[in-house]
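Fold and contact review
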Amino acid sequence: MHAKTAGALRRDAIGLRDVLFQSVTAMAPAAAVAASIPSGAAFAGGSLPLSVLIALVACLFTASCVAELARELPAAGSVATYAARGLHPAVGFLVGWAYVFVEMLVPPLLLLQLGFTVAGTVHAEWSSYPADLWWPWALAGAVVIACAGYLGVRASARFGTVLGVFEILVLLVFAVLLIGGAGSANTLSVFGASHSADGYAGVSGVFAGSVYTVLAFAGFEAAAPLAEETRDPRRTMHRAVLGAALGIGLFYVLTTYAMTVYFGPDRSAAFGASGEASWEGVARTSFGLFWVLVFLAVVNSAIANANACANVSTRTAFALARIRVLPGVLATLHPRHRSPVAGIAVQTVVAVGAVLGLGFAYDPVTAYLLLATVIVTIVTGVYIVVNLSCAGYFLRSGRASLKPVRHLLYPALGSAAFIPALLTAAGLPVFDFVTELTAPVSYAGPVVGAWLAVGVVVLLVLIRRHPGRIAETARVHLDDYDAGAGRRDGTGARQPPSQR
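Computed from a predicted model, the values in this text were never measured in an experiment.

Parameters at a glance
Residues numbered from 1 in each chain as written. Predicted model: local features only at pLDDT ≥ 70, side-chain atom pairs only at ≥ 80, totals over all residues. Heavy atoms only, no water. Helix = DSSP H or I, 4+ residues; strand = E, 2+ residues; numbered from the N terminus. Rg over C-alpha atoms; globule rule 2.2 N^0.38 Å. Buried < 20%, exposed > 50% of the residue type's maximum accessible area, 1.4 Å probe, protein only. Contact = heavy atoms within 4.5 Å. Areas by Shrake-Rupley, 256 points an atom, 1.4 Å probe, with all protein chains shown as cover. Expected span 1.5 Å × (residues − 1). Phe/Tyr/Trp six-rings, centres within 6.5 Å; stacked < 30°, edge-to-face > 60°. Lys NZ or Arg CZ within 6 Å of the ring centre and 35° of its normal. Disulfide = S-S within 2.5 Å. pLDDT = per-residue confidence, 0-100. Core = buried A, V, L, I, M, F, W, Y, C linked by side-chain atoms within 4.5 Å.

1. With respect to the overall build of the chain
Along its length, the chain carries 19 helices and two strands. Its C-alpha atoms give the chain a radius of gyration of 22 Å, within 12% of the compact-globule value 23 Å for 500 residues. Within the chain, buried positions represent 58% of all 500 residues. By sequence separation, contacts in the chain at least 24 residues apart represent 80% of the contacts at least 6 residues apart. Accessible surface, the chain as shown: approximately 18,800 Å² in total, 66% of it carbon and sulfur.

Rendered as structure tokens:
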């Protein structure tokens, strides 16, 4: 391959803080607190804090598996490399194929949310502004994300860090105000099952709530694709993945507790993502102009999440393109910033096309729900495969490396936690709390199936014509550079021996 398309990402460009916030912002903490987690209140009611705590414990099992593999296999291919080494290179290719697709859909999802959130709020404050004029805000967000990515991982990661700190601080301050305002209503009973919603009494309501809230944790693995650009990646990746999952999980528990005791545990089943019974609604009615900060935190969260997932999609696409299982042009790097500029261009085109195409074909909220269903279905499936890959990798590595609890029990528990979430996201009515999907959101299943079917066809063609490329999905390029005689060029990137 030409040197321009086969070069390495910038080595040692970022550190623990940057990659930690890569995962943190990919989890979209403010947006999750304000929109995702309240969806569990319809089942858990005032016991929602217990549901979130259970979801945290469940997600930590999978986060531990990702962290273990990230330490052993620091690679831009991340989950694709893990599956290739732990299960089979063909599985690794399919996981990478699905993961690139889903991570490319996250930025348009968040840009849609940015568009209709800002337009709706501006219209509520100034009725002369059209409520359906959402698309300029979405396009502005796309420009910001593309520019941050173009300037390289250091600029993009620091941009995400600033946004992440802001949204977390705003919600933490608000949580303290809520706990103080609740006064004598503060109670640990919300960590029991006595406040679950009518029709879902006791543990069943708490379980249903946890299935919906577990989806708010998606994104904790987003640090892993930046391994080749991170200082001391084996140690840093492990700490970042676990730190993000644990830290933001505790943040979810605290903020959910604060709102539950302030709003009232026995009223919480009616709490949602909009209206008076929502985070912004409570801020408007009880805390004056503080609602503006809550609104800005949610907007900020959408931009930060889109930025983080654009980093994930472009790095994963780069990793698959350099071994030529995706078009080689996606491995093109900027000569100065070492950013995957072709991938960023494709990501931007996909984002703008999906936002305008789906947003105008339906409406931005419906388009958001359709994309969200596709994304969650694939992501939960990827998590299950990564859990299995962790067990497979360490079983193959020999007894000296195998730790039965960490490498066998945790993967089993992590998979058990995400299987109900996968069924719920797909709208399969295995449990009585799962709602069947209606059109066009129900199109998510066929979309996922069609994309995976295309991936299988591509896989079969590659196996027949270029079997060595599929085997390359298991390769950890960072080990090659460190072991071999790679040297740093003028850009700070380390070149493999073949290019010296």
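After presenting the structure, the write-up continues.
2. Considering the environment of Glu 280
Within the element layout of this structure, Glu 280 appears in helix α12 (residues 279-286). Sequence spacing of Glu 280 and Gly 202 is 78 residues, and the spatial spacing of their C-alpha atoms is 29 Å.

3. A few points about the environment of Lys 403
In this structure, Lys 403 sits in the loop between α15 (364-397) and α16 (404-425). Look at Lys 403 and you get partly exposed, because its relative accessible area is 39%. Separated by 14 residues in sequence, Lys 403 and Ala 417 have C-alpha atoms that sit 21 Å apart.

4. Regarding helix α5 (residues 48-72)
Under the 1.5 Å per step criterion, the end-to-end length of α5 is 36 Å for 25 residues, consistent within 8% with the ideal 36 Å. Buried residues dominate α5, accounting for 19 of its 25 residues.

5. Remarks on the packing of aromatic side chains
If you walk through the whole model with that rule in mind, you get 20 aromatic pairs. Taking 5.2 Å as the distance between ring centres and 45° as the angle between the ring planes, the aromatic pair formed by Phe 61 and Tyr 410 counts as tilted. Note that Phe 61 is positioned in helix α5 and Tyr 410 in helix α16, a separation of 349 residues in sequence. A centroid spacing of 4.5 Å and a plane angle of 15° characterise the contact between Trp 97 and Trp 451, whose relative ring orientation is stacked. Here Trp 451 lies in helix α17 (residues 444-465) and Trp 97 lies in helix α7 (residues 89-125), a separation of 354 residues in the sequence. The exposure class assigned to Trp 451 is partly exposed, which follows from its relative accessible area of 27%. An aromatic cluster is built from Phe 174, Tyr 262, Trp 279, Phe 287 and Phe 290, whose rings are joined through pairwise contacts. If you follow Arg 267 out to its NZ or CZ, it ends over the ring of Phe 263, 4.1 Å from the centre.

6. Section: the state of the cysteines
On inspection of all chains with the given rule, the structure shows zero disulfides. No disulfide involves Cys 309; its nearest neighbouring cysteine sulfur is the one of Cys 59, lying 15 Å away.

7. Things to note about unusual backbone geometry
The step from Ala 439 to Pro 440 runs through a cis peptide bond, and the omega angle for that step is 0°. With respect to the helices, strands and loops of the structure, Pro 440 is situated in the loop between α16 and α17.

8. Details of the confidence of the model for the chain
Residues at a pLDDT of 70 or more form 94% of the chain, whose mean pLDDT is 89. Of all the helices and strands in the chain, strand β1 (residues 487-488) carries the lowest mean pLDDT, 40, while helix α14 (residues 341-361) carries the highest, 96. Below pLDDT 50 for its whole length, residues 1-6 participates in 13 contacts with residues either more than four positions away or in separate chains.

9. Notes on the nonpolar core
Residues Phe 174, Tyr 252 and Trp 279 are the most contacted members of the largest nonpolar core, which totals 121 residues. Broken down by element, the residue count for this core peaks at 16 residues, all from α15. Counting residues in hydrophobic clusters, the runner-up holds 21 residues, among them Ala 317, Leu 320, Ala 321 and Leu 326.

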